[in-house]
Amino acid sequence: MTSQSQPSPLVRAAGGADADALAAVLGRAFDDDPVWRWILPDDASRVRRLTGVFGILLRQVHLRHGGTEAAGRGPDVEAAALWDPPGLWRVPLRAQAAQAVPLLRALGRRVPAALRALGEIEKHHPPEPHWYLAVLGTDPPAQGNGLGGALLRSRLDRCDAEGVPAYLESSKERNVPYYERFGFRVTRELALPGRGCPPVWLMWRDPDGG
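About the thresholds
- Residues numbered from 1 in each chain as written.
- Predicted model: local features only at pLDDT ≥ 70, side-chain atom pairs only at ≥ 80, totals over all residues.
- Heavy atoms only, no water.
- Helix = DSSP H or I, 4+ residues; strand = E, 2+ residues; numbered from the N terminus.
- Rg over C-alpha atoms; globule rule 2.2 N^0.38 Å.
- Buried < 20%, exposed > 50% of the residue type's maximum accessible area, 1.4 Å probe, protein only.
- Contact = heavy atoms within 4.5 Å.
- Areas by Shrake-Rupley, 256 points an atom, 1.4 Å probe, with all protein chains shown as cover.
- Pairing = 2+ DSSP bridges.
- Axes fitted to C-alpha atoms, helices over the stretch in contact; angles between N-to-C directions.
- Core = buried A, V, L, I, M, F, W, Y, C linked by side-chain atoms within 4.5 Å.
- Salt bridge = Lys/Arg side-chain N within 4 Å of Asp/Glu carboxyl O.

Once that is clear, we can look at the overall build of the protein. Scanning the protein for helices and strands turns up 7 helices and 7 strands. Going from N to C terminus, the protein has its helices and strands arranged as β-α-α-α-β-β-α-α-β-α-β-α-β-β. Taking 2.2 N^0.38 as the reference for a compact globule, 210 residues should give roughly 17 Å; the C-alpha atoms of the protein span a radius of gyration of 17 Å, in line with that estimate. Seen through its C-alpha atoms, the protein measures out along the principal axes to roughly 55 × 40 × 30 Å. Here the protein holds 210 residues, and the buried ones make up 48% of them. Partitioning the intrachain contacts of the protein with sequence separation of at least 6 by distance along the chain shows that 73% fall at a separation of at least 24. When the accessible area of the protein is evaluated, it comes to approximately 10800 Å², of which 52% is carbon and sulfur surface.

This part takes up the sheet that holds strand β3 (residues 79-84). With mixed pairing, the 7 strands of this open sheet are ordered in space as β1-β2-β3-β4-β5-β7-β6. Only two strands of the sheet have a single neighbouring strand rather than two, namely β1 (10-13) and β6 (185-190). Ignoring strand direction, the axes of neighbouring strands in this sheet form an average angle of 25°. Pairing between β3 and strand β4 (residues 131-138): 6 bridges, direction antiparallel. From the neighbouring strand, alanine 81 faces β4, where its bridge partner is leucine 136. Against the sheet, helix α1 (residues 19-29) engages β2 (68-72), β3 and β4, with an angle of about 75° to β4.

Our next topic: the nonpolar core. Judged by nonpolar contacts, the single largest core of 42 residues is most densely connected at Leu22, Phe30, Trp36, Phe54, Leu107 and Leu192. Where this core is concerned, the elements lending two or more residues are α1, α2 (34-39), α3 (43-65), β3, α4 (93-107), α5 (111-123), β4 and β7 (200-205). Top contributing element to this core by residue count: α3, with 7 residues. In this structure phenylalanine 30 touches Trp36, Leu50, Phe54, Val135, Leu136 and Gly137, once residues within four positions along its chain are discounted. Formed by 22 residues, the second largest nonpolar core is a distinct cluster that contains Ala79, Leu136, Leu152 and Val164.

Counted by the stated rule, this structure contains 13 salt bridges. The partner of aspartate 18 in a salt bridge is arginine 12, and the shortest N-O contact between them spans 3.0 Å. Given a relative accessible area of 13%, aspartate 18 falls into the buried group. Aspartate 160 is the partner of arginine 205 in a salt bridge, and the nearest nitrogen-oxygen pair spans 2.8 Å. Here aspartate 160 lies in helix α6 (residues 147-162) and arginine 205 lies in strand β7, a separation of 45 residues in the sequence. Because the salt bridges share partners, they merge into one network encompassing Asp31, Arg37, Asp43 and Arg46.

Limitation: the analysis is restricted to geometry and does not speak to function.
Given below as structure tokens:
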């Protein structure tokens, strides 16, 4: 009996027409994320609310920067990486204002808790020029098929060619060794404000994974 081989993941640049599909994939991918589970404790509404949050972030911030990529083993979006180019990781005030009402709809009474946590993360963002991996997620049914790795290699190969570092925050401790395999190293375990809020791991990667 021969096993059927899986098609190689296809990585492509994502645009505005992909926003809904990307948001839906990321909403499902982050349903079990410790920090987001703390921010949105209601299991029944979390995926819907997360999908709304990622839709806002995609349209107002990440897709405008041109670094967002999608991956899948076929035509459908099964994974996404939201990269911000050097110098563009900070959300401008205009975008923050545009996000305010939609975020209130998506997060409800948890807006203050979310803003405190995200504000603490932003305070520790490194000042050196770098590509910032804001979000990486794979639809749960497609996990384990190499999509996340394909998305990481797509950008990190270019970082190496251009001599540019990369940076991310991991909100899952079990993902830290995964990112370390791609050359990232933990620079700090950061405690977030709020009773019971899980920490995040700040990770930096020098060009060529050094």
